[in-house]
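Examination of the molecular architecture
Letter by letter, the chains look like this.
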Amino acid sequence: MSKRTKIVAGGAVAGVFLLWLLPFWAALLVLVGVPVGAYLLLDPSQRRRLKRVTRKELGR
């Protein structure tokens, strides 16, 4: 299993677990808010690098 597949599977398990524990809106807030918050904490140079890598992978 690739690293990306493991991350996606872990996210799916975390999402199901959060939906079981929390109301839908709170689970959605956590699942969307954590990655957005992490992105906003990056330096501008790190954001540019992340965008460049993502665009390069899309061209495969």
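Residues numbered from 1 in each chain as written. Predicted model: local features only at pLDDT ≥ 70, side-chain atom pairs only at ≥ 80, totals over all residues. Heavy atoms only, no water.

1. A few points about the overall build of the protein
Test applied: Helix and strand labels come from DSSP, where a helix needs a run of H or I of at least four residues and a strand needs a run of E of at least two; each type is numbered from the N terminus. Only the protein chains shown count as cover for residues, with accessible areas throughout obtained via the Shrake-Rupley method and a probe of 1.4 Å.
When you go through the protein residue by residue, the secondary structure sums to 3 helices and 0 strands. Reading the secondary structure of the protein in the N-to-C direction produces α-α-α. Of the roughly 5500 Å² of accessible surface on the protein, a fraction of 70% belongs to carbon and sulfur atoms.

2. Details of a nonpolar patch on the surface
What counts is decided by this rule: For patches, a residue must show more than 30% relative accessible area and have no salt bridge; joins then use 9 Å for like charges and 5 Å for nonpolar side chains, namely Val, Leu, Ile, Met, Phe, Trp and Tyr. Here a salt bridge means any side-chain nitrogen of Lys or Arg lying within 4 Å of a carboxyl oxygen belonging to Asp or Glu. Relative accessibility under 20% of the residue-type maximum defines a buried residue, over 50% an exposed one, and the middle range a partly exposed one, all with a 1.4 Å probe and only protein chains included.
Where nonpolar side chains cluster on the molecular surface, the patch consists of Leu 19, Phe 24, Leu 28, Leu 31, Val 32, Val 36 and Leu 40 and spans about 650 Å² of accessible area. In terms of residues, the nonpolar patch owes the most to one element, helix H2 (residues 24–40), which gives 6 residues. For Phe 24, the position within the fold is in helix H2. Judged by its relative accessible area of 57%, Phe 24 is exposed.

3. Side note on the packing of aromatic side chains
Put simply, the rule is: Pairing of aromatic rings covers Phe, Tyr and Trp, the last counted by its six-membered ring, and requires centre-to-centre distances within 6.5 Å; plane angles under 30 degrees mean stacked, over 60 mean edge-to-face, and any other angle means tilted. Here, a charge over a ring is recorded when the distance from Lys NZ or Arg CZ to the ring centre is within 6 Å and its angle to the ring normal is within 35 degrees.
Enumeration over the complete set of coordinates arrives at 1 aromatic pair. Taken together, a centroid distance of 6.1 Å and an interplanar angle of 40 degrees make the contact between Phe 17 and Trp 20 tilted. Of this pair, Phe 17 and Trp 20 both sit in helix H1 (residues 3–21), 3 residues apart, which is roughly one turn of the helix. Classification of Trp 20 by relative accessible area gives exposed; the value is 66%. In this arrangement the basic side chain of Arg 47 is found over the ring face of Tyr 39, its NZ or CZ atom lying 5.3 Å from the centre.

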